[in-house]
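Here is how the chains run, residue by residue.
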Amino acid sequence: MKGQIMLITLIMSVFLLGCASADVTNNTTVNTTLANQSAVEPLAIGVSLSVNPTNLNLGTIEPDGIEREYYTATNVAIKTGGGRLRVSVSASGDLISINNSSNIIPLSNLKYSIKYDSPYGPIQVPKRSFTTTYYTIWTYVGAVNVVIPINYYLTVPLYTDPGTYRVTITYVAV
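**Re the packing of aromatic side chains**
Right, on to step 1. The tally for this structure, following the rule as stated, stands at six aromatic pairs.
Right, on to step 2. A centroid spacing of 6.2 Å and a plane angle of 90° characterise the contact between Tyr71 and Tyr153, whose relative ring orientation is edge-to-face. Separated by 82 residues along the polypeptide, Tyr71 in strand 6 (residues 67-80) and Tyr153 in strand 13 (residues 144-155) bring together distant segments of the chain.
Right, on to step 3. The exposed category is assigned to Tyr71, whose relative accessible area is 52%.
Right, on to step 4. The exposure class assigned to Tyr153 is buried, which follows from its relative accessible area of 5%.
Right, on to step 5. Residues Trp138 and Tyr140 carry aromatic rings whose centres are separated by 5.5 Å and whose planes lie at 25° to one another, so their mutual orientation is stacked.
Right, on to step 6. Taken together, the aromatic side chains of Tyr112, Phe130 and Tyr152 make up a single cluster linked through ring pairs.
Right, on to step 7. Over the aromatic face of Tyr135 sits the side chain of Arg128, whose NZ or CZ is 3.5 Å from the ring centroid.

**Observations regarding the sheet that holds strand 6**
Right, on to step 1. What the five strands build is an open sheet, ordered 4-6-13-10-11; its pairing is antiparallel. Strands at the two margins of the open sheet, each flanked by one partner only, are strand 4 (47-52) and strand 11 (121-129). Going from strand to strand, the sheet's axes swing by 20° on average, the running direction of each strand aside.
Right, on to step 2. Sheet topology note: the strand 10 (residues 110-118)/strand 13 ladder contains four bridges and is antiparallel. Bridge pairing in strand 13 places Leu110 opposite Leu154.

**Structural notes on the confidence of the model for the protein**
Right, on to step 1. Per-residue pLDDT for the protein averages 76, and the proportion of residues at 70 or more is 70%.
Right, on to step 2. With pLDDT under 50 throughout, residues 1-8 is counted as low confidence; its partners more than four residues away or in other chains account for 43 contacts.
Right, on to step 3. Predicted confidence is poor over residues 12-43, with pLDDT under 50, and the contacts of this stretch with residues over four places away or in other chains come to 112 contacts.

What counts, and at which threshold
Residues numbered from 1 in each chain as written. Predicted model: local features only at pLDDT ≥ 70, side-chain atom pairs only at ≥ 80, totals over all residues. Heavy atoms only, no water. Phe/Tyr/Trp six-rings, centres within 6.5 Å; stacked < 30°, edge-to-face > 60°. Helix = DSSP H or I, 4+ residues; strand = E, 2+ residues; numbered from the N terminus. Buried < 20%, exposed > 50% of the residue type's maximum accessible area, 1.4 Å probe, protein only. Lys NZ or Arg CZ within 6 Å of the ring centre and 35° of its normal. Pairing = 2+ DSSP bridges. Axes fitted to C-alpha atoms, helices over the stretch in contact; angles between N-to-C directions. pLDDT = per-residue confidence, 0-100. Contact = heavy atoms within 4.5 Å.

Structural data, given as structure tokens:
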């Protein structure tokens, strides 16, 4: 598997639809939807990597600066015939509004974690922000057939403009 890579790209869209109100305690309502679309480049021989689901509705939230939790929001399925395996994740950058590219949600507001007792031993990544550099979430030597549940966390900052915000998350198995 040396030098062979399997990529799964998730396009995570955050749809923020807001409405203004004269009520100071409820100025804006935000409807957040996360859409995961995967595209596979079969570059790794003997490695299968897939991400599920393809669409995830995160519900209605307010831009209140409170972190929302989405447990087992995504499942990353990996199957290999053996050898050394390294699974990593990265993001393309901040969540950017498709309506106005100057409106962003900082990438540091989108986090993930893993706490899974797999048949191959515990797979644990404490809650951390996505970054634009690859971060290794799991390594293993040998054949595997595992589905790793990924938890997501999203904080929509105060005064975030309504709109659709997008970021690409990439899972890589090498």
